[in-house]
Amino acid sequence: GGESVMQLKKRAFKFYKDTVKKHQKDTVLWVTHGEIIVSILGWLLNLKGSQYNTVIPHHTAVSMIEIDKERKHKVQLVNCVKHLNYPSGGKCNSWK
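Below: a short report on this structure. Keep in mind the model is a prediction, meaning the values are calculated, not measured.

**A few points about the overall build of the protein chain**
Logical step 1: Within the protein chain, the secondary structure is distributed over two helices and two strands.
Logical step 2: Taken from the N to the C terminus, the helices and strands of the protein chain come in the order α-α-β-β.
Logical step 3: Residue burial in the protein chain is summarised as follows: out of 96 residues, 26% are buried.
Logical step 4: In the protein chain, the share of contacts with a sequence separation of at least 24, taken over all contacts with a separation of at least 6, comes to 35%.
Logical step 5: Accessible surface, the protein chain: about 7400 Å² in total, of which carbon and sulfur atoms supply 54%.

Next comes the structure, spelled out in structure tokens:
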């Protein structure tokens, strides 16, 4: 067997916290598999159960998290796919 969902989430949260601590003044780009970003976004947005379905990314989707000097986060963008040039224009969802 592989990693359980809880093990994956624990690993994702640790990576997030370690990155925030190590790169306090930096801009950081992560390229991840979907379940990692779903876990991190769900945790940051305090989502429960089926609410996680609202942050399941499209392939190559971009999400943006801003972290201030006090290490408080703000999710700025979730699952933006405008760069794919879909005929419909793609979509970018800001999170408020």
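Still more ground to cover, so stick around.
**Let's talk about the pattern of salt bridges**
Logical step 1: Applying the stated criterion across every chain, the model contains two salt bridges.
Logical step 2: Note that Arg11 and Glu3 form a salt bridge whose closest N and O atoms lie 2.8 Å from each other.
Logical step 3: For Arg11, a relative accessible area of 44% corresponds to the partly exposed category.
Logical step 4: The exposure class of Glu3 is partly exposed, given its relative accessible area of 40%.

**Considering helix H2 (residues 34-44)**
Logical step 1: The buried count for H2 comes to eight of eleven residues, which makes it a mostly enclosed element.
Logical step 2: Along H2, the residues classified as buried are Ile36, Ile37, Val38, Ser39, Ile40, Leu41, Gly42 and Leu44.
Logical step 3: Buried residues along H2 sit against helix H1 (5-22), strand E1 (62-67) and strand E2 (73-80).

**Examining the pairing of E1**
Logical step 1: The pairing of E1 with E2 spans five bridges and is antiparallel. By the bridge assignment, Val62 is partnered in E2 with Cys80.
Logical step 2: Between E1 and E2, which pair antiparallel in sequence order, lie five residues; one of them, Arg71, sits at a positive phi of approximately 65°.

Cut-off values and rules
Residues numbered from 1 in each chain as written. Predicted model: local features only at pLDDT ≥ 70, side-chain atom pairs only at ≥ 80, totals over all residues. Heavy atoms only, no water. Helix = DSSP H or I, 4+ residues; strand = E, 2+ residues; numbered from the N terminus. Buried < 20%, exposed > 50% of the residue type's maximum accessible area, 1.4 Å probe, protein only. Contact = heavy atoms within 4.5 Å. Areas by Shrake-Rupley, 256 points an atom, 1.4 Å probe, with all protein chains shown as cover. Salt bridge = Lys/Arg side-chain N within 4 Å of Asp/Glu carboxyl O. Pairing = 2+ DSSP bridges.

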